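The lines below spell out each chain.
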Amino acid sequence: MSQAEFVVVANRLPVDRVADAEGDDAWRRSPGGLVTALEPVMRKADGAWVGWAGRPGLELEPFEFDGMHLVPVPLSADEVQDYYEGFSNDTIWPLYHDVIAAPRFKRQWWDAYVAVNQRFADAAAKAAADNAIVWVQDYQLQLVPRMLRQARPDLTIGYFHHIPFPAYGLYSQLPWRRQVLEGLLGADVIGFQRVADAGNFARAVRRQLRYETKASGIAVPDGEGGTRTALAKAFPISIDADSYIELAQRPEIQARAAEIRESLGNPSKILLGVDRLDYTKGIRHRMKAFGELLQDGRVSVDDVTLVQVASPSRERVDAYVQLRDEIELTVGRINGDYDTMGHTAIRYLHQAYPREEMVALYLAADVMLVTALRDGMNLVAKEYVASRVDNRGVLVLSEFAGAADELGSAILVNPHDIDGLKDAIMRAIEMPGSEQGRRMRALRRRVREHDVEDWSQDFLDALAVFHRGATAVTA
Ligand code: GDG
């Protein structure tokens, strides 16, 4: 395979290995938002995508799929445990989400993280043409920018961080705090979801490394006695709004939404939560508030149902096993106390659904509950808003989700304040249509004006300033 002018490096390749009709292995494009965001750029720039194929032990040569050059990085079963489930999802994930769960610091996990990051960096260095642009994605690969710069000083390197960057007091717990900062600073542009995340990062750099920062610029030693400037800035991610609008306008999806309401016994209000089953999403807080509203008699199962889609996630990490048990116990208790033969309090679905069904659910829901305790952005909030082509429905949104910076016309809540959350849910249930319309129009305007294509374009424009090559990459 020839070398590419534009290279994306992410933990996962944008494809899943599935069985085809004959039972043989085949590839299928994965439905994720990142693929949608980067696909147009990849096609235009004839780019390559470096990532893990999702199966331990699988060793594959680079291959072409659906017009994309894919470069698989192999991971052994032990590496999946130590680098991915361990360091990425049991150290960094809880630490960066304000230690909602306790991060575990294990030296063996760190060693695997370093070794695997080096393998990703080597693969990217091999795939990239002279002066190419490389865009590294997310917290599993924080060391790649520096490793890549050391191997290939000609490259222009961007990094986008999809999750929060924590306050210094928390970040400083990390035994490898300096190495991670140095790893990230190998990039020319380091993108964050919120202005506050970029601020936390700059503060950590000042405190730990004593580098000077000015506005978004950070003076990083260039190894030759001088400095180069790295840019650390917010680039809030978004969704492909048009595709949600298109789905929401399809008659069969609208019919499905009506069918969903019907099958729930036509309650007057449907509340909806859609999350990966993750302790950062505040699913327990949401259920506690709803359970108390039932207990207080402020709502009744005859009128109001909560639908909670909790898609399976990280099922081999202990904290997630525990969380699932707790949530399922809570659902069982609330339903046991309040269900009637005809109506249920919480319709709990530990399943993943096709996008069409998600949009039907968004259309069926009068109130969307996004009560994350900490969340980089939260795309579900934006998907709900984009889908409401009828300008109806109410978004209740945690101020601890990045989306709150843009979606100020939602009902903003502090999910730790259960009384406040209960009042917000009541306000949403009782909100007159005219106010729903006013708020929803403002929310939809924002999501349509700033979609995922703007996000990648803004990031790549910032990166282009550092580019030494002849051609710029455009989204
Ligand atoms: C990370 C950050 C940041 C969920 N269940 C199903 C399903 N989903 C889709 C949603 C949405 C996506 O998964 C989840 O994105 P979120 O943004 O809500 O959350 P994370 O997975 O934690 O994502 C987050 C994001 O990266 C992007 O930067 O916003 O803060 O944590 O698109 O719709 N999709 C389908 N079936 C399901 O059952 N089809």
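Student: Can you walk me through the overall build of the protein chain in this structure?
Tutor: Assigned secondary structure in the protein chain consists of 16 helices and 18 strands. At 23 Å, the protein chain has a C-alpha radius of gyration in line with the 23 Å of a compact globule built from 475 residues. If you line up the protein chain on its principal axes, its C-alpha atoms span 70 × 55 × 45 Å. In the protein chain, buried positions account for 59% of the 475 residues. Sequence separation of at least 24 residues holds for 73% of the intrachain contacts in the protein chain that already meet a minimum separation of 6.

Student: Sorry if this is basic, but what is going on with the domain arrangement of the protein chain here?
Tutor: It is common to give the size of an interface as the accessible area that goes away when the parts come together. Per the domain assignment, the segments of the protein chain are domain 1 (4-237 + 453-464) and domain 2 (241-449). For domain 1 and domain 2, the distance between their C-alpha centroids amounts to 31 Å. Opposite the 21 residues of domain 1 that make contact, domain 2 presents 24 residues. Interface area, domain 1 with domain 2, both sides summed: about 1,800 Å², of which 54% is carbon and sulfur. When the buried surface of domain 1 facing domain 2 is broken down by residue, Trp93, Ile100 and Arg194 rank first, second and third, together holding 35% of it. Between the two partners, domain 1 and domain 2, sit three salt bridges. Of the charged contacts, one joins glutamate 85 and arginine 316 as a salt bridge, the two residues approaching to 2.8 Å between their closest N and O atoms. Scanning the region where domain 1 abuts domain 2 turns up eight residue pairs in polar contact (both at pLDDT 80 or more). Broken down by element, the residue count for the side of domain 1 that touches domain 2 peaks at seven residues, all from helix H2 (residues 77-96).

Student: Just to check I follow, could you spell out the packing of aromatic side chains for this structure?
Tutor: Note on aromatic pairs: each is described by the distance of the centres and the angle between the planes. As enumerated under the stated definition, the model contains 23 aromatic pairs in all. Feature note: the residues Tyr83, Phe87, Trp110, Tyr113, Phe120 and Trp176 constitute an aromatic cluster, connected by ring pairs. The ring centre of tryptophan 52 lies 5.9 Å from the NZ or CZ of arginine 12, which sits over that ring. Sitting over the ring of tryptophan 93, arginine 314 keeps its end group 4.1 Å from the ring centre.

Student: Sorry if this is basic, but what is going on with the sheet that holds strand S17 (residues 394-398) here?
Tutor: Paired through backbone hydrogen bonds, the strands of a sheet run either parallel or antiparallel to each other. Read across the open sheet, the six strands follow the order S15-S14-S13-S16-S17-S18; overall the sheet is parallel. Two strands in the sheet have a free side with no partner beyond their single neighbour: strand S15 (346-349) and strand S18 (411-413). The mean inter-strand angle of the sheet, taken between neighbouring strand axes irrespective of direction, is 20°. Summarising the sheet, strand S14 (residues 304-311) and S15 pair through four bridges and their orientation is parallel. Across the sheet, leucine 306 pairs through a bridge with isoleucine 346, a residue of S15. Of the strands in this sheet, strand S13 (269-276), S14 and strand S16 (367-370) touch helix H12 (residues 355-364), which is tilted by about 145° from S13.

Student: Looking at this model, I keep getting lost on the site of the ligand. Mind explaining?
Tutor: Not every one of the 21 residues close to the ligand is listed here, only the nearest: His162, Tyr353, Asp375, Leu379 and Glu383. Between a nitrogen atom of the ligand and a side-chain N or O atom of serine 311, the distance comes to 2.9 Å. Taking 730 Å² as the accessible area of the ligand by itself, protein coverage stands at 82%. Sorting the residues of the shell around the ligand by element identifies H12 and helix H13 (379-387) as the ones contributing at least two each. A domain-level breakdown of the shell around the ligand finds at least three residues from each of domain 1 (4-237 + 453-464) and domain 2 (241-449).

Student: Looking at this model, I keep getting lost on the packing of helix H3 (residues 107-127) against helix H4 (residues 144-151). Mind explaining?
Tutor: The interhelical angle for the contact between H3 and H4, taken along N-to-C directions, is 45°, at an axis separation of 9 Å. Taken together, the axes of H3 and H4 are oblique relative to one another. Relative to H4, H3 is oriented so that their crossing is right-handed. Between H3 and H4, the contacting residues are Val114, Asn117, Gln118, Phe120, Ala121, Ala124 and Ala125 on the first element and Val144, Met147, Leu148 and Ala151 on the second. Here the contact of H3 with H4 is built from residues that sort into nine nonpolar, two polar and no charged.

Student: Looking at this structure, I do not really get the environment of phenylalanine 63. What am I missing?
Tutor: Mapped onto the secondary structure, phenylalanine 63 falls in strand S5 (residues 63-65). Using a relative accessible area of 16% as the deciding quantity, one classes phenylalanine 63 as buried. It is 40 Å that separates the C-alpha atoms of phenylalanine 63 and glycine 199, two residues lying 136 residues apart in sequence.

Student: Would you take a moment to explain the side chain of glutamate 357 for this structure?
Tutor: You can see glutamate 357 is positioned in helix H12. A distance of 2.8 Å separates the side chain of glutamate 357 from the side chain of arginine 256, its partner in a polar contact. In this view, glutamate 357 contacts Arg256 and Ile260; residues no more than four positions away in its chain are not counted.

Student: Would you mind going over the nonpolar core with me for this structure?
Tutor: The biggest cluster of nonpolar side chains holds 101 residues, and the ones touching the most others in it are Phe120, Leu185 and Phe201. With eleven residues, H3 is the single largest residue contributor to this core. Non-local contacts of phenylalanine 120, meaning those with residues more than four positions away in its chain, are made with Val9, Ala10, Asn11, Val50, Gly51, Trp52, Val73, Tyr83, Leu141 and Val144. The next biggest cluster of nonpolar side chains, apart from the first, holds 72 residues, and it includes Val41, Leu247, Ala257 and Phe459.

Student: Which parts of the structure should I look at to understand helix H15 (residues 433-449)?
Tutor: Each α-helix turn comprises 3.6 residues. Residues three or four places apart therefore point the same way. When the terminal C-alpha atoms of H15 are compared, their 24 Å separation across 17 residues agrees well with the 24 Å that a helix rising 1.5 Å per residue should span. Buried residues of H15: Glu435, Gln436, Gly437, Arg439, Met440, Leu443, Arg444 and Val447, and no others. As for H15, its buried residues are in contact with helix H8 (241-249), S13, H13, S17, S18 and helix H14 (418-430).

Student: Would you take a moment to explain the pairing of strand S12 (residues 227-234) for this structure?
Tutor: Looking along a regular strand, one sees side chains alternate from face to face of the sheet. Side chains Arg228, Ala230, Ala232 and Ala234 of S12 all project onto a buried face; the interleaved residues Thr227, Thr229, Leu231 and Lys233 project onto a face where none is buried. Pairing between strand S11 (residues 217-221) and S12: five bridges, direction antiparallel. Bridged to proline 221 within S12 is threonine 227. The hairpin formed by S11 and S12 contains five residues between the paired strands, and glycine 223 there has a positive phi angle of roughly 85°.

What counts and how
- Residues numbered from 1 in each chain as written.
- Predicted model: local features only at pLDDT ≥ 70, side-chain atom pairs only at ≥ 80, totals over all residues.
- Heavy atoms only, no water.
- Helix = DSSP H or I, 4+ residues; strand = E, 2+ residues; numbered from the N terminus.
- Rg over C-alpha atoms; globule rule 2.2 N^0.38 Å.
- Buried < 20%, exposed > 50% of the residue type's maximum accessible area, 1.4 Å probe, protein only.
- Contact = heavy atoms within 4.5 Å.
- Domains from an automatic or database assignment.
- Buried area = accessible area lost by both parts, 1.4 Å probe.
- Salt bridge = Lys/Arg side-chain N within 4 Å of Asp/Glu carboxyl O.
- Polar contact = N/O pair within 3.5 Å; in protein donor to acceptor, adjacent residues only side chain to side chain.
- Phe/Tyr/Trp six-rings, centres within 6.5 Å; stacked < 30°, edge-to-face > 60°.
- Lys NZ or Arg CZ within 6 Å of the ring centre and 35° of its normal.
- Pairing = 2+ DSSP bridges.
- Axes fitted to C-alpha atoms, helices over the stretch in contact; angles between N-to-C directions.
- Near = heavy atom within 4 Å.
- Areas by Shrake-Rupley, 256 points an atom, 1.4 Å probe, with all protein chains shown as cover.
- Parallel < 35°, antiparallel > 145°, perpendicular 65-115°, else oblique.
- Left-handed = near helix turned anticlockwise from the far one by under 90°.
- Nonpolar A, V, L, I, M, F, W, Y, C, P; charged D, E, K, R; others polar.
- Core = buried A, V, L, I, M, F, W, Y, C linked by side-chain atoms within 4.5 Å.
- Expected span 1.5 Å × (residues − 1).

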